[in-house]
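Close look at the chain arrangement
Each chain is listed here by its residues.
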Amino acid sequence: MKSRKWRTRPAAFFLGNPHPLARDGAVAVIGLGRFGGSLATELAAYGVDVIGIDIDEAVVAQYSDKLAFVSRTDATDETVLRQVGIEEVSRVVIAIGNDLEAGILVASKVLKIGNQHIWAKAVSQTHADILGQLGIDNVIRPENDMGRRTAHLIRGHMSDFMSVSEDFVLARTAPPVRVSDSPLASFDIRREYGISVVAFRRDGEDTWNIADQDVTLYANDEILVAGSPREVEDFSTLDEEDDEEG
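This one's a predicted model, so the numbers in the text were calculated from it and none came from an experiment.

Rules used in this analysis
- Residues numbered from 1 in each chain as written.
- Predicted model: local features only at pLDDT ≥ 70, side-chain atom pairs only at ≥ 80, totals over all residues.
- Heavy atoms only, no water.
- Helix = DSSP H or I, 4+ residues; strand = E, 2+ residues; numbered from the N terminus.
- Buried < 20%, exposed > 50% of the residue type's maximum accessible area, 1.4 Å probe, protein only.
- Areas by Shrake-Rupley, 256 points an atom, 1.4 Å probe, with all protein chains shown as cover.
- Axes fitted to C-alpha atoms, helices over the stretch in contact; angles between N-to-C directions.
- Parallel < 35°, antiparallel > 145°, perpendicular 65-115°, else oblique.
- Left-handed = near helix turned anticlockwise from the far one by under 90°.
- Contact = heavy atoms within 4.5 Å.
- Nonpolar A, V, L, I, M, F, W, Y, C, P; charged D, E, K, R; others polar.
- Core = buried A, V, L, I, M, F, W, Y, C linked by side-chain atoms within 4.5 Å.
- Phe/Tyr/Trp six-rings, centres within 6.5 Å; stacked < 30°, edge-to-face > 60°.
- Lys NZ or Arg CZ within 6 Å of the ring centre and 35° of its normal.
- Salt bridge = Lys/Arg side-chain N within 4 Å of Asp/Glu carboxyl O.
- pLDDT = per-residue confidence, 0-100.
- Pairing = 2+ DSSP bridges.
- Expected span 1.5 Å × (residues − 1).
- Arc of directions from axis to C-beta.

**Re the overall build of the chain**
- Of the regular secondary structure elements, the chain holds 10 helices and 12 strands.
- Burial statistics for the chain: of 246 residues in total, 42% are counted as buried.
- For the chain, the computed accessible surface area is about 13100 Å², with 49% contributed by carbon and sulfur atoms.

**Notes on the packing of helix H5 (residues 100-113) against helix H6 (residues 125-134)**
- Contact geometry for H5 and H6: axes closest at 10 Å, N-to-C directions at 15 degrees. Taken together, H5 and H6 sit at an angle that is classed as roughly parallel. Considering the relative orientation of H5 and H6, their crossing is right-handed. Contacts between H5 and H6 involve Leu-100, Ile-104, Ala-107, Ser-108 and Leu-111 from the former and His-127, Ile-130, Leu-131 and Leu-134 from the latter.
- Within the contact of H5 with H6, the residues separate by chemical class into seven nonpolar, two polar and no charged.

**Remarks on the nonpolar core**
- One finds Ile-30, Ile-51, Ile-86, Val-92, Ile-94, Val-110 and Ile-118 to be the most contacted residues of the largest nonpolar core, which totals 26 residues.
- Those elements that place two or more of their residues in this core are strand S2 (27-30), strand S3 (50-54), strand S5 (91-94), H5, strand S6 (118-121) and H6.
- The leading source of residues in this core is H5, at five residues.
- If near-sequence neighbours (up to four positions away) are discounted, Ile-86 is found in contact with Ala-28, Ile-30, Ile-53, Leu-81, Val-92, Val-110 and Asn-115.

**Some thoughts on the packing of aromatic side chains**
- This structure, assessed with the given rule, holds one aromatic pair.
- Between the NZ or CZ atom of Lys-66 and the centre of the ring of Tyr-63, over which it lies, the distance is 5.2 Å.

**A word on the pattern of salt bridges**
- If you walk through the whole model with that rule in mind, you get eight salt bridges.
- Across the salt bridge formed by Arg-23 and Glu-88, the nearest N and O atoms sit 3.6 Å from each other. With Arg-23 in helix H1 (residues 19-23) and Glu-88 in the loop between helix H4 (78-83) and S5, the pair connects residues that are 65 residues apart, well separated along the chain.
- Between Arg-201 and Glu-222 there is a salt bridge, with its nearest N and O atoms 2.6 Å apart. One end of the pair, Arg-201, is in strand S10 (residues 196-201); the other, Glu-222, is in strand S12 (residues 222-227), and 21 residues separate them in sequence. Each member of the pair, Arg-201 as well as Glu-222, is classed as buried.
- Residues joined by salt bridges that share partners form a network here, namely Glu-78, Arg-82 and Lys-112.

**Notes on the confidence of the model for the chain**
- Here the chain averages 85 in pLDDT, and 86% of its residues register 70 or above.
- This stretch, residues 1-15, has a pLDDT under 50; its non-local contacts, to residues over four places away or in other chains, come to 51 contacts.

**A word on the pairing of strand S9 (residues 168-173)**
- Burial of S9 is one-sided: the residues Val-169, Ala-171 and Thr-173 facing one way are buried, the residues Phe-168, Leu-170 and Arg-172 facing the other way are not.
- One ladder, built from six bridges, connects strand S8 (residues 158-165) with S9; its direction is antiparallel. The partner of Ser-163 across the bridge, within S9, is Val-169.
- From the end of S8 to the start of S9, which pair antiparallel, there are two residues.
- The sheet contact formed by S9 and S12 spans five bridges and is antiparallel.

**As for helix H2 (residues 34-45)**
- With 12 residues, H2 extends 16 Å from end C-alpha to end C-alpha; this agrees with the ideal 16 Å at 1.5 Å per step.
- If you check which residues of H2 are buried, you get Gly-36, Gly-37 and Ala-40. The arc enclosing the buried residues of H2, seen along the axis, measures out at 95 degrees, which places them on a common side. Opposite the buried face of H2, at more than 90 degrees from it, the exposed residues are Arg-34 and Ala-45.
- Buried residues belonging to H2 abut S2, S3 and helix H3 (57-63).
- Directly beyond the C-terminal end of H2, a positive phi value near 85 degrees is found at Gly-47.

Dropping the structure here:
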């Protein structure tokens, strides 16, 4: 795929005034490629006003009827960033992934303008380190994060896996046989396995419920567990271990 370079088109082209949206809590997404576009449309689907910014006219046209406001703008230009209300939006997502220099420059411009609520995509560890040195705490590594998530799903018997931090995760799995068919309080799962059963969903139901200690789980249920990555993985494979021992 051909790389989309920034700073090769007119500085800005947009209609309307995005400032009322910005003052009302809109989120700005700079770079509407695969990651940024997906993020922007997901936010919009949840009722968030999104100010989308991209240098590519065709991309801007693609999102013109999906987002609250879209601008064909060179986001490396501080003047046009101010024109779209970057200093007023609740969050800024910098999703420029194919032009490291532009992504870093945009981040520095947004910080200079005064908005500290930045989430920035990094395409490498070096990129992530530079963004961190600029003072950006929320650095996203989509490819890396997805690889880690998939690795955990492959290793354990889990249908979903979310990393909250390096040492704490949430995972969706089936209750092992050895902790089924009796109230949770009878197993002392926290002490025995180092994890907590947070919620459960009965087979065939859409609703999740808090897993109180008097809840009894069954083989066809689905549970949400929390703990360290290793302990969560180990818990999700208890049935496999029992089969091997049997």
